[in-house]
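Residue strings, one per chain:
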Amino acid sequence: MSTIALAIAGAAGRMGQRLIALASEQPDVFKITSATDAPNSPFLGKDAGTVAGVAPVGVAITATLTGDPEVVIDFSAPSATRALISQCVKRK
């Protein structure tokens, strides 16, 4: 079984942090490849695992999608979702 490349939008929020923590507990199932938050977030550039209160996952929180995620879970704001949809469409 291969791992699922996962992106979390709204990574610095409560649900985003929880999803990152849960995904990091199952590295044989999930690989976090992208963690996004608002362009003005104080968490930009910080490791998503550290922000979530778990071990570092090696993925910095950014304002746009990075890596090559297969699945995006979005717990951001409606305006951010619209921008995220555009990024997903461009990446197919």
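Undergrad: So what's going on with the environment of glycine 10? Which residues, and what values?
TA: Its place among the elements puts glycine 10 in the loop between strand E1 (4-9) and helix H1 (14-24). The class for glycine 10 is buried, based on a relative accessible area of 9%. Distance from glycine 10 to serine 76, taken between C-alpha atoms, is 4.4 Å for residues 66 residues apart in sequence. If near-sequence neighbours (up to four positions away) are discounted, glycine 10 is found in contact with Gly16, Thr36, Asp37, Phe75 and Ser76.

Undergrad: Describe in detail the environment of alanine 63, supporting the description with residues and values.
TA: Tracing the sequence through the fold places alanine 63 in the loop between strand E3 (61-62) and strand E4 (71-74). Given a relative accessible area of 36%, alanine 63 falls into the partly exposed group. In contact with alanine 63, other than residues within four places in its own chain, are Asp37, Pro39 and Leu44.

Undergrad: Give me the sheet that holds strand E2 (residues 30-36): which residues, what numbers.
TA: Taken in spatial order, the four strands of this open sheet run E3-E2-E1-E4, and their pairing is parallel. Strand pairing shows two members of the sheet lacking a second neighbour, E3 and E4, which therefore form its edges. Direction of pairing for E2 relative to E3: parallel, over a ladder of two bridges. For alanine 35, the partnering residue across the bridge sits in E3 and is isoleucine 61.

Undergrad: Tell me about H1, residues and numbers included.
TA: Residues spaced three or four apart along an α-helix face the same direction, because each turn holds 3.6 residues. For H1, the set of buried residues is Gly16, Leu19, Ile20, Ala21 and Ala23. Where H1 is buried, its residues meet E1, E2, helix H2 (48-51) and E4.

Undergrad: Explain unusual backbone geometry residue by residue, including any values.
TA: Here lysine 92, not a glycine, exhibits a phi torsion of approximately 60°, which is positive. For lysine 92, the position within the fold is in the segment after helix H3 (78-91).

Conventions used here
Residues numbered from 1 in each chain as written. Predicted model: local features only at pLDDT ≥ 70, side-chain atom pairs only at ≥ 80, totals over all residues. Heavy atoms only, no water. Helix = DSSP H or I, 4+ residues; strand = E, 2+ residues; numbered from the N terminus. Buried < 20%, exposed > 50% of the residue type's maximum accessible area, 1.4 Å probe, protein only. Contact = heavy atoms within 4.5 Å. Pairing = 2+ DSSP bridges.

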